[in-house]
Amino acid sequence: MSNLETLLSRDAFLLSVDIRLFWFVALIYGASLVLYIIHLVTKKTGPGKLATNILWFGVITHAGLILLRTFEGQRAPFQTLYESLSWFAWSAAVTYLYVERKWKDIYLSGILVAALSMGACLYALLTRSPAVEPLSPPLQSWWFEWHVVLAFLSYAVFVVSCSIEIVYLAIKPSLKKGLGTDFGINMDNLESFHAQSFRLALFGFPLLTFGIFSGAAWANEAWGRYWGWDPKETWSLITWTVFAMYLHSVSIPKWRGMPASIFNILGFICMIMTFIGVNWVAKLLGIPSLHLYAM
Amino acid sequence: MTILKKIREFNWQAIRENKLYWRFASLKTSVIFLGILVFFYIIGTIFPQGGEIDDYIRAGGRFSSFVIFFNLLELFTTPIFLLSALLLFINLAICTFERFLLLLSQKTLKTEELQFIPSYILPLDINPQLEDAFEGVREIFKKELRFREQTNGSDKEQVGSVRIIEKGWSYKWLTWIYHVAIAFCFVGFLLTYLFAFEDGITLYPNEHTKIMPTAVSRWNGSWGKGPQELDFKLILDEFITEHNQFPALDYPKDKLSRLAVAMGWKEVKYLLDNESYFPKDWKSRLRVIKGNHAVLEKTIEVNDPLYFQGITFYQAAYEQNLKIQVDDNPILLETEVGKELIVPGVDGMLKFGTLKTGTLFKKDGTTEKIKPFVETTLVRKDSSGKSETKKLGKLVQDESLVVDDKRIILKEFKEASVLSYRYDPGVPILWISGILAMLAMSLRIFGAWHRIAYRIDEKDRVPRLLLNIKTKGLMANEEKFIKRLKYHLNKMTEPIDLDTPV
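Rules behind the numbers
- Residues numbered from 1 in each chain as written.
- Chains lettered and ligands numbered in written order.
- Predicted model: local features only at pLDDT ≥ 70, side-chain atom pairs only at ≥ 80, totals over all residues.
- Heavy atoms only, no water.
- Helix = DSSP H or I, 4+ residues; strand = E, 2+ residues; numbered from the N terminus.
- Rg over C-alpha atoms; globule rule 2.2 N^0.38 Å.
- Buried < 20%, exposed > 50% of the residue type's maximum accessible area, 1.4 Å probe, protein only.
- Areas by Shrake-Rupley, 256 points an atom, 1.4 Å probe, with all protein chains shown as cover.
- Phe/Tyr/Trp six-rings, centres within 6.5 Å; stacked < 30°, edge-to-face > 60°.
- Core = buried A, V, L, I, M, F, W, Y, C linked by side-chain atoms within 4.5 Å.
- Contact = heavy atoms within 4.5 Å.
- Expected span 1.5 Å × (residues − 1).
- Bend = angle between axes of the 7 residues up to and from the residue.
- Polar contact = N/O pair within 3.5 Å; in protein donor to acceptor, adjacent residues only side chain to side chain.
- Domains from an automatic or database assignment.
- Buried area = accessible area lost by both parts, 1.4 Å probe.
- Salt bridge = Lys/Arg side-chain N within 4 Å of Asp/Glu carboxyl O.
- Patch = residues over 30% accessible without salt bridge, like charges linked within 9 Å, V, L, I, M, F, W, Y side chains within 5 Å.
- Pairing = 2+ DSSP bridges.
- Axes fitted to C-alpha atoms, helices over the stretch in contact; angles between N-to-C directions.

Enquirer: Could you clarify how one ought to interpret the overall build of chain A in this entry?
Expert: A count of helical and extended segments in chain A gives eight helices and zero strands. The C-alpha atoms of chain A give 20 Å as radius of gyration, which agrees with the globular expectation for 295 residues (19 Å, within 12%). Overall, chain A is about 75 × 45 × 30 Å in size when its C-alpha atoms are taken along their principal axes. Relative to its 295 residues, chain A shows a buried fraction of 61%. Of the roughly 11,700 Å² that chain A leaves accessible, carbon and sulfur atoms contribute 70%.

Structural data, given as structure tokens:
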């Protein structure tokens, strides 16, 4: 066997481990989702707690998978959509677990996070190629890592912010009517729980700003113009603007409640559109995109 | 001078008393204008920006008359979009101006002092004097907790008066700074919009190439000025292409088979026989000639352009021209990569893929000079106009492929480097204002700012500290701060151990 053949069989072995581990991680996220749903239906704390513990296990395994991918490619593991979906799933779950520590018996917001993490993993596994590609010339830039890491960190933070917002909007009416819930949320901690959603959006906003700025700086270096109204660029600007609207509307007393919450959820929808939806729309409408490698 | 005098004498206050002015100074207006821009952005992602209307119709685009009427393929340069952006800019400018006046007036300090409602009351079991407590607390805030005094012109030394102290970068000033920086970003965008122009140039090796832009900036265009030839030339000394060896992955596309891979029922393989050449880099070794002298030499590549006299040259693409010999015919047929070539005696047309040349970086770490070759296909059209493509294989330089008994030989090739170049005076302003905006925004949001209004008085002859805390920034933690304060206060009120030698 030649040296090259040995290397290829090693790479194939590593890739098959990578793929199986990724399926396993998707399964763990799925198990966590099922337990969160059981918590929602039964109103018991046990399944929620177990779901969180399983999610921790998933996140740790997923971290190992990301390290393996980094070793395989000898570069940051978010070049292709397959890789960035994996990174997105992991960072959303990690952010959720970090935030959830503060809320001992509140697990409801885990539903959306676990569902998105599992969905992202399955979408990558079932529709994208797992091949570890070398970096193409436009991606060989100092800005590449910064741009992707910060943009995806902001996405992760917005996912958790939105999940808290949805739980708040769903729980608040029954609490106001004095019906009470069994999900660890009561009138005493409702507002401070909700404030976490704002704080997360506030945390994610500068990250998204830097993500867009670094993308523009990179585009200026690689393509000669910092902004080209490419669909992906424009949707990132839409996401930024909608979150700017959210952060401003929180400062307007009359808009502080429901209108502000709607902006937060809209911002999340725009973020999903920027990440995945725009690729579908661009393909559907036949619009060429400079972000083709991310499709 | 008269203009300056008029400006000075103008009744600015009258503008500030106008209702419309205050409508523009409101946050609600900002949110509405941002919403209008979002609407335009969304429209801009539905219709391909910068495209030609003919291409749009050919691609099956609908509502073409509507698209033409509203100029939807150039939406972001239409007057209605520019007007919306201008309104947002005016709103931003007025808001930052008003905020500036408010910050200078220090109204908040006065209000906080007047409306002092304590949220914490901490007893100070200090013996014997209220004066000692006052000084002790002041020392703690200043030396241990590193707060600074906020003076408001009033007498601060009096016991019983409300004192205001602050720690961290003022969130109000930081908010103001990043809003001002964003306003300057608008200036950068405007400069780009008015003065930027870009064009492309194709350089062939060892040829002096004049740079004659065909594009002109909007500003020059509006004054009827045409493009001008630049006062320097470029020489391409060498064009270098590099490839990575990237064997194809044998991996199923259908979902069930992928599941079989996950279960270990199917194997994943990299196929060496189907190896492809993945582009690693394209480089152009350039010389800038001014007069008769070379004034600059640089090898540019993607992500590493050449800057000269305010113009930036980017490695955009390359062109490849081939010379094909058929049988022993001394007349060579010229063609370009990707274009179809009619060869007499061949049924159909030949089409050549990208010419692979330069250096190959192999997976085992070695490098290899690629013997130039092109993937060749035969395109045949039947009577109904449907075309059929047949792969003929690699056509290596000076080797032949036989098609319909004709020997096709790749005799020569020529590569040219395609550069794009751009002049954009908005970029430096955007760099400065963008970095400033992000710095101020990060400090404002991630940092910690505390303002404390406190007073010391006595109840039942026991001094007590009454305080009110306001925090901003994600790092600010009121609970932790109160814990620290209590710790220092306890230390201050600890009884002196008389046995301990001084």
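Enquirer: What am I meant to see in the packing of aromatic side chains here?
Expert: By convention here, two paired aromatic rings are described through the distance between centres and the angle between planes. By the definition in use, this model includes 54 aromatic pairs over all chains. A ring pair is formed by tyrosine 36 of chain A and tyrosine 96 of chain A, whose centres lie 6.2 Å apart and whose planes are at 85 degrees; its orientation type is edge-to-face. Here the residue tyrosine 36 of chain A occupies a position in helix H1 (residues 3–42), and tyrosine 96 of chain A occupies one in helix H3 (residues 81–100), the gap between them amounting to 60 residues. With a centroid separation of 6.0 Å and an interplanar angle of 40 degrees, the aromatic rings of tryptophan 143 of chain A and tryptophan 431 of chain B are classed as tilted. Linking tryptophan 143 of chain A in helix H5 (residues 142–176) with tryptophan 431 of chain B in helix H13 (residues 426–446), this pair reaches from one chain into another. Residue classification places tryptophan 143 of chain A among the buried positions, given a relative accessible area of 9%. The class for tryptophan 431 of chain B is partly exposed, based on a relative accessible area of 31%.

Enquirer: Where do I start with the nonpolar core in this structure?
Expert: One broad trend across soluble globular proteins is that nonpolar side chains are buried collectively. Counting residues in each nonpolar core, the largest one holds 161 residues, and the members touching the most others are Ile19 and Tyr29 of chain A together with Phe313 of chain B. Broken down by element, this core gets its largest block of residues, 16 residues, from H5 of chain A. Not counting the four nearest positions on each side in its chain, phenylalanine 313 of chain B is found in contact with Ile211, Phe232, Leu234, Ile300, Pro305, Leu306, Leu419, Ser420 and Tyr421 of chain B.

Enquirer: I would appreciate a short explanation of H5 of chain A in the present structure.
Expert: Residues lying three or four places apart along an α-helix face the same way, a consequence of the helix completing one turn every 3.6 residues. Residues and elements named next belong to chain A. Taking 1.5 Å per residue as the helical rise, H5 with its 35 residues ought to reach 51 Å, and the 51 Å between its terminal C-alpha atoms agrees with that figure. The principal kink in H5, of about 25 degrees, is found at alanine 170, preceding the proline proline 173 by one to four residues. Between the side-chain oxygen at the start of H5 and the backbone nitrogen of tryptophan 143 there is a gap of 3.0 Å, and the oxygen is on serine 141. Backbone geometry just after H5 places glycine 178 at a positive phi near 80 degrees.

Enquirer: So what exactly am I meant to see when it comes to the domain arrangement of chain A here?
Expert: Residue and element names in this part refer to chain A. By domain assignment, chain A separates into domain 1 (1–135) and domain 2 (136–295). Each of domain 1 and domain 2 was reduced to a C-alpha centroid, and the two centroids are 21 Å apart. Domain 1 puts 30 residues into the contact, and the matching count from domain 2 is 39 residues. Summed over both sides, the interface between domain 1 and domain 2 buries roughly 2,900 Å², with carbon and sulfur atoms accounting for 77% of that surface. Sorting the residues of domain 1 by area buried against domain 2 places Phe88, Trp103 and Leu135 first, and these three jointly supply 21% of that buried surface. For the pair domain 1 and domain 2, the number of links is zero salt bridges.

Enquirer: Even after reading the chapter, I still don't get a nonpolar patch on the surface, so can you show me in this structure?
Expert: All names here are of chain B. A grouping of Ile3, Leu4, Ile7, Phe10, Trp12 and Ile15 is seen on the molecular surface, where their side chains present a nonpolar patch of about 600 Å² in accessible area. Inspection of the secondary structure assignment puts leucine 4 in helix H1 (residues 2–9). Exposure remark for leucine 4: the relative accessible area of 45% places this residue in the partly exposed category.

Enquirer: I would appreciate a short explanation of the environment of alanine 440 of chain B in the present structure.
Expert: Inspection of the secondary structure assignment puts alanine 440 of chain B in helix H13. With relative accessibility at 5%, the residue alanine 440 of chain B sits in the buried group.

Enquirer: What should I look at first to understand the sheet that holds strand S3 (residues 163–167) of chain B in this one?
Expert: Sheets are built from strands that pair by backbone hydrogen bonding, the pairs being arranged parallel or antiparallel. Residues and elements named next belong to chain B. The sheet built from five strands is open, its strands ordered S1-S21-S20-S3-S2 with antiparallel pairing. Unpaired on one side and paired on the other, strand S1 (120–123) and strand S2 (148–149) mark the two borders of the sheet. For S3 and strand S20 (residues 449–459), the ladder comprises five bridges, and the chain directions are antiparallel. Directly across from lysine 167, in S20, lies its bridge partner histidine 450. Most of the contacts of helix H9 (residues 130–144) go to S20, to which it runs at about 170 degrees, and overall it touches S2, S3, S20 and strand S21 (462–472).

Enquirer: Mind showing me how you'd approach the sheet that holds strand S13 (residues 349–352) of chain B here?
Expert: All names here are of chain B. Taking strand neighbours across the sheet as the criterion, the four strands line up as S12-S13-S16-S17 in an open arrangement whose pairing is antiparallel. Each of the sheet's edge strands pairs with one partner strand only, and the pair in question is strand S12 (340–342) and strand S17 (387–396). The sheet shows a mean angle of 30 degrees between the axes of neighbouring strands, taken without regard to direction. Bridge analysis of strand S16 (residues 373–381) against S17 gives nine bridges, and the strand direction is antiparallel. Among the inter-strand pairings, lysine 381 is bridged to a residue of S17, identified as serine 387.

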